[in-house]
Amino acid sequence: MNPFQRILTVWRRNLDVYLVTWKVNFLPPLLEPMFYLLAFGAGLGGFVKVIPYRGGEVGYTSFIAPGMIGISVMFSSFFECTYGSYIRMYYQKTFDAIIATPLSLEEVILGEILWGATKSFISVTIMCVVVRAFGFMQFPDLIALPFVAFLGGLFFASVAMCFTSFTPGIDAFNYPIFLFITPMSLFGGTYFPIEGLPAWAQQVAVFMPLTHLTSVTRSIAFGHWDMGVFVRLAGFAALVAPLMILAVRLMKRRLIV
Amino acid sequence: MAAIVAQALTKHYKDTVAVNAISFEVREGECFGFLGPNGAGKTTTMKMTYGFSPVTSGRLEVFGLDVLTRSREVRAQTGVCPQEDNLDPDFTVRKNLIVYCRYFGIDPVEAAKRADELLDFVALREKAGGPVMALSGGMKRRLVLARALLNKPKLLILDEPTTGLDPQARHVLWDKIRELRRKGVTILLTTHYMEEAAQLCDRLVIMDKAKILVKGSPAELTAKHARPTVVEVWNPPAAAEAWIKARNMPCERFGDRLYVYPDAGEALQRELVTKFNADQVIVRRGTLEDVFLRLTGRDLRE
């Protein structure tokens, strides 16, 4: 086996577990967008009819749909490689079992990150179907979104794995979640444009990865394939490799003693 | 040819020395035991052997391969039963084996064949489709053993394979281990149970405080380090103890028991019963457990 095949066996293990309970696993990405589209689209959207975007105006629901997709990319991969990976590492000792075979810890960690990104891909694919069924976003542009989700998923999964490498226990994941993940999901250009924030907060928002991810998903959802999309995607791609290396190093420091 | 060669093998954790310059050789096809109290360095030695824990210094070769640089090749021909069960709770019994085969690059057809053969070997065929969580402790250990055999290992590492099992489950596992030894698998075993070591091991070492104290076959060690005859007196009358001490017989007192090491056990037993009315006097041969306690002491380790 080559290294990539070995990494895939770890990924495949997680996929197999996911498929054992696929009916339950498919529910959140299926139902969540429905609830949000109803609450914000039909509910809040009744009061906030349009929102400024790119010098014009767009309907509120069509504005937040790509925001929800960005949030889902972040949540799926981040939760998988924090809680999910920690349970496999610490409680189930799955990593220990695997590294008693020819696989190395590096390959296990990369397999986990690859799986985290796959969770983002699956969630966004299901969400796109739902959102399209509600009449938002268009073909063929939305086909690109799951692939953007995969790239964004690699980014957030790697960051998550870094947190997993030094968390003292499973409850300590509350720190990154309430310090980074929740604020990003609210202020990262998801439910309203960051231009609505005070100047100082806008400056903070520029440094949030999710701001750039939702900018990409929104541009694609509205069919604007401009330079900004490619620059941002290139930025994520450039960050993914060093973050993966960092995650692997930190995990080795934790587990190989 | 030697299956494992360790020379001055040393492992340091942050501020402790877990294994301190130990040397040993395991011959191909033998069952080699590591005995010792908790914290003696047994598990660390096992973990270094399959490359799980890096060697701090010294030499460690498995089948002629340096574990430091070629641990992947070592692991390809090694099966590991860790101390803690780390089966996959999300999969069925059989699926645990199928998924584990992938890590060795075994193709799906062959994996299915080996899984079924090994489920027969450990008598878990009937449980194949059931969840792992529903297995008893003994069944889980058997499944871990089956999993360790999927890659047809030349070396099998068993870290406390029967700890916490009932006697029936223990004997079943011993049978399996002996069967594997007959087939020529080299076995490395750690245990707290002297009986287990005596039953299974061709040779063994006793470790304590990161060092090897003695090496040899169970019979050699018993002959060399245990007294041939032991008389145990439970709740000895004070007069009896004084009488034994006055006759300069070697003896030791632990709690409510007096251990006497006479030349003639039965004669002493008769005298104790008739002279002092001592009613609980047992005569037995010296065992590996006596060797162990003599060398490592009777103090609690944890």
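The present account deals with the structure reproduced in this document. What you see is a predicted model, and the numbers here were worked out from it, not measured in a lab. (Residues numbered from 1 in each chain as written. Chains lettered and ligands numbered in written order. Predicted model: local features only at pLDDT ≥ 70, side-chain atom pairs only at ≥ 80, totals over all residues.)

**Re the overall build of chain A**
Consideration 1: From N to C terminus, chain A includes 10 helices and 2 strands.
Consideration 2: Along the chain direction, N to C, the helices and strands of chain A fall in the order α-α-β-β-α-α-α-α-α-α-α-α.
Consideration 3: The C-alpha radius of gyration of chain A comes to 19 Å, within 12% of the 18 Å expected for a compact globule of 257 residues.
Consideration 4: With respect to the three principal axes, the spread of C-alpha positions in chain A is 60 × 40 × 35 Å.
Consideration 5: Of all 257 residues assigned to chain A, the portion counted as buried reaches 46%.
Consideration 6: Taking the contacts inside chain A whose residues are at least 6 apart along the sequence as the reference set, 77% of them involve residues at least 24 apart. (Helix = DSSP H or I, 4+ residues; strand = E, 2+ residues; numbered from the N terminus. Rg over C-alpha atoms; globule rule 2.2 N^0.38 Å. Buried ≥ 20, exposed ≤ 12 C-beta atoms within 10 Å, placed from the backbone. Contact = placed C-beta atoms within 7 Å.)

**A closer look at the pairing of strand β1 (residues 50-53) of chain A**
All names here are of chain A.
Consideration 1: Note: β1 against strand β2 (residues 56-59), 4 bridges, orientation antiparallel. The residue of β2 that forms the bridge with V50 is G59.
Consideration 2: If you look at the hairpin formed by β1 and β2, you'll find 2 residues sitting between the two strands, and R54 has a positive phi there, around 55°. (Pairing = 2+ DSSP bridges.)

**Let's talk about the interface of chain A and chain B**
Consideration 1: Taken together, the 21 residues of chain A in the interface contact 20 residues of chain B.
Consideration 2: For the side of chain A that touches chain B, the elements supplying multiple residues, two or more each, are α1 (3-20) and α4 (94-98) of chain A.
Consideration 3: In terms of residue count, α1 of chain A provides more of the side of chain A that touches chain B than any other element does, 6 residues in total.
Consideration 4: Of the residues that constitute the side of chain A that touches chain B, the class distribution is 11 nonpolar, 5 polar and 5 charged. (Nonpolar A, V, L, I, M, F, W, Y, C, P; charged D, E, K, R; others polar.)

**Section: the sheet that holds strand β13 (residues 257-260) of chain B**
All names here are of chain B.
Consideration 1: Ordered by their spatial adjacency, 4 strands build an open sheet running β12-β13-β11-β14, and the pairing between neighbours is antiparallel. Edge positions in the sheet fall to β12 (251-254) and β14 (281-285), since each has one partner strand and no second. Averaged over all pairs of adjacent strands, the angle between their axes in this sheet comes to 20°, without regard to strand direction.
Consideration 2: Pairing geometry for strand β11 (residues 229-234) and β13, over 4 bridges, is antiparallel. Across the sheet, residue E232 finds its bridge partner in β13, namely Y259. (Axes fitted to C-alpha atoms, helices over the stretch in contact; angles between N-to-C directions.)

**Concerning the packing of helix α3 (residues 60-91) of chain A against helix α6 (residues 145-166) of chain A**
Residues and elements named next belong to chain A.
Consideration 1: α6 packs onto α3 with a crossing angle of 35° between their chain directions and a minimal axis gap of 8 Å. The chirality of how α3 crosses α6 is right-handed. Judged by residue contacts, I69, V73, M74, S76, S77, F78, E80, C81, T82, S85 and Y86 of α3 engage L145, A149, G152, G153, F156, A157, A160, M161, F163 and T164 from α6.
Consideration 2: Residue composition of the contact of α3 with α6, by class: 13 nonpolar, 7 polar and 1 charged. (Left-handed = near helix turned anticlockwise from the far one by under 90°.)

**A word on unusual backbone geometry**
Consideration 1: Following F139 of chain A, the chain continues to P140 of chain A via a peptide bond in cis, the omega torsion being -5°.
Consideration 2: Residue position: P140 of chain A is located in the loop between α5 (105-133) and α6.
Consideration 3: Phi is positive for K209 of chain B, which is not a glycine, with a value near 50°.
Consideration 4: Positionally, K209 of chain B belongs in the loop between β9 (203-208) and β10 (211-216).

By themselves these figures say nothing about function.
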